[in-house]
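Close look at the chain arrangement
One-letter residues, chain by chain:
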Number of protein chains: 2
Amino acid sequence: MITFWYEFASTYSYLSAMRIDALAEAKGVEVEWKPFLLGPIFAAQGWNTSPFNIYPAKGQYMWRDMERRAAKYGIPIKRPVTSDGGWPRSSVKAARLALVGLNEGWGQEFSRLVYIGEFSDHADITDEEILSNWIRQAGGDPLHAFKTIQSDALKGQLRQNTEDAISAGVFGAPSFTVGEELFWGDDRLEDALDLAASH
Amino acid sequence: MITFWYEFASTYSYLSAMRIDALAEAKGVEVEWKPFLLGPIFAAQGWNTSPFNIYPAKGQYMWRDMERRAAKYGIPIKRPVTSDGGWPRSSVKAARLALVGLNEGWGQEFSRLVYIGEFSDHADITDEEILSNWIRQAGGDPLHAFKTIQSDALKGQLRQNTEDAISAGVFGAPSFTVGEELFWGDDRLEDALDLAASH
């Protein structure tokens, strides 16, 4: 069993979201998808946006590295932009919807659709019409899902995921935990799965 | 041809220093070793020490990750400490000596000895007696080397390496460049070498 900690604003989480299920199945490992928010974690470090924006050299490198990694894995990618050139977009709404989906069985497919839209098609992951389409495609009911994310229980569940991430030592995304062992970055996915498979 | 940008305060550079020559030789790639200083680059980002110290969760993870990676590669490792519990030690003197060595043909072996001493044996890489032993072991003349690092020419060469690193987009270590293409992190070494071999 492996826990996959992901955040929709995280570029490298996109690669893991597209890769983890097939790789885990091949190794006989069960995957627990856990969306969480990096915002509170970054804010505690004094960051008010992605470190890839705060440190431009690192950001420029990250996009080139993402292009190379995506090409290697056959995953489509197009650097996201918003009207003001900003990135990332707010991921809270999408993360709450993913949680509803994970509670109901359509969350993994929905999460992949969000990532594909965001990073290969510049889709606005805060747009309720676009999100509704993805919910339907993944097998969920948009009306019900949008109602559910307004409940305190659902909001609390996402806050709890973020608290759990911090407790597990998570400081970035994607991260993977296998028992007490923490792995950070899509490039550690195979190592994490190997450990999970050996248990 | 691949350029290997390294810094003695960088933990992951240790892994690359131990791995790069054998991997490059197997692929028929020539390696240019380029020591540089992260201090000025980090200072420009507002950091006065290693980001692994500034962000404790990241630092704690890094050491665990280093232990796992080192074990995977059969490289010895022991978390370095100094009398005040601080890390990293100043790497300027060792970097200047490495440059003398690279100019004279004993720099790669000296660099490996510095890394092994630092990260597997808590050796003080600012201690002139210890450094002298490594110079001798690598085939250099300590008296001559310590005289050379006081010259403006040698000091200027290290400053130039750091300027060149910044121009190449380097923001951390280890980094690798193949033409205009930049790779960051020991876990990108194989990709960088594959690109170099394909040229």
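Structure: above.
Before going into details, it helps to say that this report is about the structure given with it.

Here is what the cut-offs are and how they apply
Residues numbered from 1 in each chain as written. Chains lettered and ligands numbered in written order. Predicted model: local features only at pLDDT ≥ 70, side-chain atom pairs only at ≥ 80, totals over all residues. Heavy atoms only, no water. Helix = DSSP H or I, 4+ residues; strand = E, 2+ residues; numbered from the N terminus. Contact = heavy atoms within 4.5 Å. Pairing = 2+ DSSP bridges. Axes fitted to C-alpha atoms, helices over the stretch in contact; angles between N-to-C directions. Least-squares fit on C-alpha atoms with pLDDT ≥ 70 in both. Buried < 20%, exposed > 50% of the residue type's maximum accessible area, 1.4 Å probe, protein only. Parallel < 35°, antiparallel > 145°, perpendicular 65-115°, else oblique. Nonpolar A, V, L, I, M, F, W, Y, C, P; charged D, E, K, R; others polar. Right-handed = clockwise from strand over helix to strand, strands pointing away. Phe/Tyr/Trp six-rings, centres within 6.5 Å; stacked < 30°, edge-to-face > 60°. Lys NZ or Arg CZ within 6 Å of the ring centre and 35° of its normal.

Our next topic: the environment of Phe171(B). Its place among the elements puts Phe171(B) in the loop between helix H9 (152–167) and strand E3 (175–178). Residues Phe171(B) and Leu23(B), spaced 148 residues apart in sequence, show a C-alpha to C-alpha distance of 24 Å. Discounting chain neighbours no more than four positions away, the residues touching Phe171(B) are Ala57(A), Lys58(A), Tyr61(A), Leu38(B), Ile41(B), Phe42(B), Gln45(B), Leu182(B) and Trp184(B).

All right, on to the sheet that holds strand E3 (residues 175–178) of chain A then. Residues and elements named next belong to chain A. Overall, mixed pairing links the 4 strands, which are arranged E2-E1-E3-E4 in an open sheet. In this open sheet, the two strands that pair with only one neighbour each are strand E2 (31–35) and strand E4 (181–184). Pairwise comparison of adjacent strand axes, ignoring direction, gives a mean angle of 20 degrees for this sheet. Sheet topology places strand E1 (residues 2–6) next to E2; 5 bridges connect them, and they run parallel. Directly across from Trp5, in E2, lies its bridge partner Lys34.

When chain A is fitted to chain B, the best match, at an RMSD of 0.0 Å, comes from turning it 180 degrees and sliding it 0.0 Å along the axis. Classification of the inter-copy transformation places it as that of a two-fold axis. Within chain A, the C-alpha atom positioned nearest to the axis of rotation is that of Asp187(A), 3.8 Å from it. With an isologous cut-off of 70% or more, the 100% of interface residues of chain A that recur at the interface of chain B puts this contact in the isologous class.

All names here are of chain A. Residue Pro174 follows Ala173 across a cis peptide bond; omega there is 0 degrees. Note that Pro174 resides in the loop between helix H9 (152–167) and E3. Phi at His122 is positive, roughly 55 degrees, even though this residue is not glycine. Among the structural elements, His122 can be located in the loop between helix H6 (107–121) and helix H7 (128–138). What makes His122 partly exposed here is its relative accessible area of 26%.

A few words on the packing of helix H1 (residues 11–27) of chain A against helix H4 (residues 56–73) of chain A. Residue and element names in this part refer to chain A. Across the interface, H1 lies against H4 with an axial gap of 10 Å and an inter-helix angle of 10 degrees. Classed by the angle they form, the pair H1 and H4 counts as roughly parallel. Between H1, through Thr11, Tyr12, Tyr14, Leu15 and Arg19, and H4, the contact on the second element is made entirely by Met62, Trp63, Asp65, Met66, Arg69, Ala70 and Tyr73. Split by residue class, the contact of H1 with H4 holds 8 nonpolar, 1 polar and 3 charged.

What follows is about the pairing of E1(A). All names here are of chain A. Among the 5 residues of E1, 5 are classified as buried, and the element is accordingly described as predominantly covered. Of the two faces of E1, the one holding Ile2, Phe4 and Tyr6 and the one holding Thr3 and Trp5 are both buried throughout. In the classification by handedness, the crossover that spans E1, the intervening H1 and the parallel E2 is right-handed. In terms of strand pairing, E1 meets E3 through 3 bridges, oriented antiparallel. Bridge pairing links Thr3 to Thr177 in E3.

To continue, consider the packing of aromatic side chains. What the rule picks out here adds up to 40 aromatic pairs over all chains. Put simply, the rings of Phe4(A), Tyr6(A), Phe8(A), Tyr14(A), Trp33(A), Trp63(A), Tyr115(A), Phe119(A) and Phe176(A) pair up and form one aromatic cluster. Arg68(B) extends its terminal NZ or CZ atom over the ring of Phe183(A), reaching a point 3.8 Å from the ring centre.

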